Amino acid sequence: MRRITLRQRIALGAGALVLLVLVASALGLWYARSSVAALDGSQEGVQQINRLTELETAWNGVSSTIDRMLLTRQSTMADEGLAESLVSFNVALGALSDYSFGYRPETIANNAQIVANLQFFGEELNGVVEDIQEASRQRRWAQAQVLRHTELSSLQDRFDVRLAELRRTTSEDVDALVAQSTQRQRQISIYLTIGLVIAIVLGTTFTLLSVRAIVDPINQLIERTRRVTEGDFSYAPPMERDDEIGHLASSFSIMTCLLYTSPSPRDRTRSRMPSSA
């Protein structure tokens, strides 16, 4: 089996490190997108509830204006305060068609039907309010009181029921979205923690193995070099490595053998000197 070289080991370690960084970045991006989605969902949910609150406030303004008008019997309020309150109510009611309430398709479809019912009851309320306005202008207060406490009250009750239902379904859908996003963030946090632990373990293990694979043979070469400098040319078996350090160790062993078998400079000098008779 072919062993990997030192260069390949370094490249493998760098590649593993890059991979871990990419995985951690992907998890971090996933977590950030999940957080942004949860935040956007919460803000959109608050805006949806605020629209319903504005509609309820606008209708309460109409209802309270009618009650004050009937209590004080001021017919001028029919063309002043009541008309302005009714315009605000119709604006808030008409704005419901421009938005989708909820997030899940089934919730949006159900809430669209509720919005249609609210607009139907809103038109009916407008008709009764106009009848009360006309009766007030003609100072027929008894008829106006009857309209207020019969037809208008009945329509208002049904309107309030539908409005409360729309608020409830929207709030439940928003809460479910936030809970789902929160659960997803917890899962991502767990994945990030696991990934961090794996990165630390793998990084530490790879570092230790790399240091051992490089430092130990280098220390052996240093020790062999020290022995050669002290005149010890004894044979040292080559390292069983098929990488750069193994090649260096083999070359060093060959050089040591050559130094051991070759004559020293002193011996060569002596061999050149003529022998005395």
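Since the structure is predicted, the reported quantities are computational estimates derived from the model, not experimental observations. (Residues numbered from 1 in each chain as written. Predicted model: local features only at pLDDT ≥ 70, side-chain atom pairs only at ≥ 80, totals over all residues. Heavy atoms only, no water.)

Trainee: Describe the overall build of the chain, naming the residues involved and giving the relevant values.
Mentor: Along the chain, the regular secondary structure elements total six helices and zero strands. For the chain, the succession of helices and strands along the chain, N to C, is α-α-α-α-α-α. The 277 residues of the chain split such that 28% are buried. For the chain, restricting intrachain contacts to residue pairs at least 6 apart in sequence, the fraction spanning at least 24 positions comes to 78%. (Helix = DSSP H or I, 4+ residues; strand = E, 2+ residues; numbered from the N terminus. Buried < 20%, exposed > 50% of the residue type's maximum accessible area, 1.4 Å probe, protein only. Contact = heavy atoms within 4.5 Å.)

Trainee: Report on the side chain of arginine 51, specifying residues and quantitative values.
Mentor: Take arginine 51: it is sitting in helix α1 (residues 6-72). We classify arginine 51 as buried; its relative accessible area is 14%. Ignoring sequence-local partners within four residues, the contact set of arginine 51 consists of Glu44 and Tyr99.

Trainee: Can you explain helix α3 (residues 105-137)? Please cite residues and give values.
Mentor: Three- or four-residue spacings in an α-helix give side chains the same orientation, since the helix completes a turn every 3.6 residues. Here α3 spans 47 Å end to end across 33 residues, near enough to the 48 Å set by a 1.5 Å rise per residue. Downstream of α3 by one or two residues, arginine 139 has phi in the positive range, about 60°. (Expected span 1.5 Å × (residues − 1).)

Trainee: Any chance you could break down the packing of aromatic side chains for me, citing the residues and the numbers?
Mentor: Taken as a whole and judged by the stated rule, the model has four aromatic pairs. Through a chain of ring-to-ring contacts, the aromatic side chains of Trp59, Phe89 and Phe159 assemble into a single cluster. (Phe/Tyr/Trp six-rings, centres within 6.5 Å; stacked < 30°, edge-to-face > 60°.)

Trainee: Give a description of a nonpolar patch on the surface that names residues and reports values.
Mentor: Together, Trp30, Ile190, Tyr191, Ile194, Ile198 and Leu202 make up an exposed nonpolar region whose accessible area comes to about 570 Å². Considering every element that reaches the nonpolar patch, the biggest residue donor is helix α4 (residues 141-229), with five residues. Within the secondary structure, isoleucine 194 is located in helix α4. Relative accessible area serves as the criterion here: at 45%, isoleucine 194 is assigned to the partly exposed category. (Patch = residues over 30% accessible without salt bridge, like charges linked within 9 Å, V, L, I, M, F, W, Y side chains within 5 Å. Areas by Shrake-Rupley, 256 points an atom, 1.4 Å probe, with all protein chains shown as cover. Salt bridge = Lys/Arg side-chain N within 4 Å of Asp/Glu carboxyl O.)

Trainee: Before we move on, can you summarise the nonpolar core with the specific residues and values?
Mentor: In this structure, Phe89 and Phe159 are the most contacted members of the largest nonpolar core, which totals 34 residues. Ranked by residues supplied to this core, first place goes to α3 with nine residues. In contact with phenylalanine 159, other than residues within four places in its own chain, are Leu55, Phe89, Leu93, Leu118, Phe121, Gly122 and Leu125. (Core = buried A, V, L, I, M, F, W, Y, C linked by side-chain atoms within 4.5 Å.)

Trainee: How would you sum up the environment of glycine 195? Please name residues and give values.
Mentor: Among the structural elements, glycine 195 can be located in helix α4. Through-space distance from the C-alpha of glycine 195 to that of leucine 27 is 9.0 Å; in sequence the pair is 168 residues apart.

Trainee: With reference to specific residues and values, describe the environment of glutamate 56.
Mentor: You can see glutamate 56 is positioned in helix α1. The spacing of glutamate 56 and phenylalanine 159 is 103 residues in sequence and 9.8 Å in space, taken between C-alpha atoms. Residue contacts for glutamate 56: discarding those within four places in its chain leaves Leu163 and Arg167.

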